[in-house]
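Observations on chain architecture
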Amino acid sequence: MWKRIDHQPKIKAVDGPQAGQFKELGAAREPAMPHPLELSEFQSFPVFEDISHHIKEVGAQLVKKVNAIFQLDITKEGKTVLQWTIDLKNGSGDMYPGSASLPADTVFTIPEPVFMELVLGKMNPQKAFLAGKFKVSGKVLLGQKLERVFKDWAKF
């Protein structure tokens, strides 16, 4: 028969932590978002600003039609360099830089050149997704609603 041998020392009640028990943490890491002055370096930044203005104007109608929160992670050389959130679920809609404050229904991870081609209508989103040009997590089918938002913006 096997016999259990417990090699852990018994814990004794002491007034405080023992010396060396805790490790001091360093400073917090910088977020993936670049400094605001660097945003103008990205091709997609003016497009995001323009879409944001469009959402502010017709957001209430879009919230009724779309009812979803999208997070767009724009990548460069495999690293996320920009994050934008399109909230078409709450209030009269909103679009803001950074990760979603509420859980996103769909997260798109897209290289910036691919995003520009998609939003300008030069590339078919379904074909690009199937070809592996960008990744989607969450509710994939909501991507079709976001495509309509971009098409409405392009007409505007």
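Under an unreviewed UniProt entry, the protein has the name SCP2 sterol-binding domain-containing protein 1 and belongs to Zalophus californianus.

When you go through the protein residue by residue, the secondary structure sums to four helices and five strands. Starting at the N terminus and walking to the C terminus, you meet the elements of the protein as α-β-β-β-β-α-α-β-α. Contacts in the protein between residues at least 24 apart in sequence constitute 63% of all its contacts with a sequence separation of at least 6. Within the structure as shown, the protein displays about 11300 Å² of accessible surface, and the carbon and sulfur contribution to it stands at 55%.

What follows is about unusual backbone geometry. Phi angles above zero are rare outside glycine, and Asn 67 is one such case at about 50°. Within the secondary structure, Asn 67 sits in the loop between helix H1 (44-66) and strand E1 (68-76). Look at Asn 67 and you get partly exposed, because its relative accessible area is 44%. The backbone of Glu 77 shows a phi angle near 55°, a positive value even though the residue is not glycine.

Note that strand E2 (residues 79-88) and strand E3 (residues 94-97) share four bridges and pair antiparallel. Note that in E3 the partner of Trp 84 across the bridge is Pro 97. In sequence, E2 turns back onto E3 through a hairpin of five residues, with Gly 91 there showing a positive phi of about 60°.

Moving on: a nonpolar patch on the surface. A contiguous nonpolar surface patch, about 290 Å² in accessible area, is contributed by Phe 129, Leu 130 and Val 140. Here Leu 130 is to be found in helix H3 (residues 125-130). The exposure class of Leu 130 is exposed, given its relative accessible area of 74%.

Where H1 meets helix H2 (residues 112-119), the closest approach of the two axes is 10 Å, and the angle between their N-to-C directions is 45°. Relative to H2, the element H1 is oriented oblique. By crossing handedness, the relation of H1 to H2 is classed as left-handed. Contacts from Ser 44, Val 47, Phe 48 and Ile 51 of H1 reach H2 at Glu 112, Phe 115, Met 116 and Val 119. For the contact of H1 with H2, the residue count by class is six nonpolar, one polar and one charged.

Parameters and conventions
Residues numbered from 1 in each chain as written. Predicted model: local features only at pLDDT ≥ 70, side-chain atom pairs only at ≥ 80, totals over all residues. Heavy atoms only, no water. Helix = DSSP H or I, 4+ residues; strand = E, 2+ residues; numbered from the N terminus. Contact = heavy atoms within 4.5 Å. Areas by Shrake-Rupley, 256 points an atom, 1.4 Å probe, with all protein chains shown as cover. Buried < 20%, exposed > 50% of the residue type's maximum accessible area, 1.4 Å probe, protein only. Pairing = 2+ DSSP bridges. Patch = residues over 30% accessible without salt bridge, like charges linked within 9 Å, V, L, I, M, F, W, Y side chains within 5 Å. Salt bridge = Lys/Arg side-chain N within 4 Å of Asp/Glu carboxyl O. Axes fitted to C-alpha atoms, helices over the stretch in contact; angles between N-to-C directions. Parallel < 35°, antiparallel > 145°, perpendicular 65-115°, else oblique. Left-handed = near helix turned anticlockwise from the far one by under 90°. Nonpolar A, V, L, I, M, F, W, Y, C, P; charged D, E, K, R; others polar.

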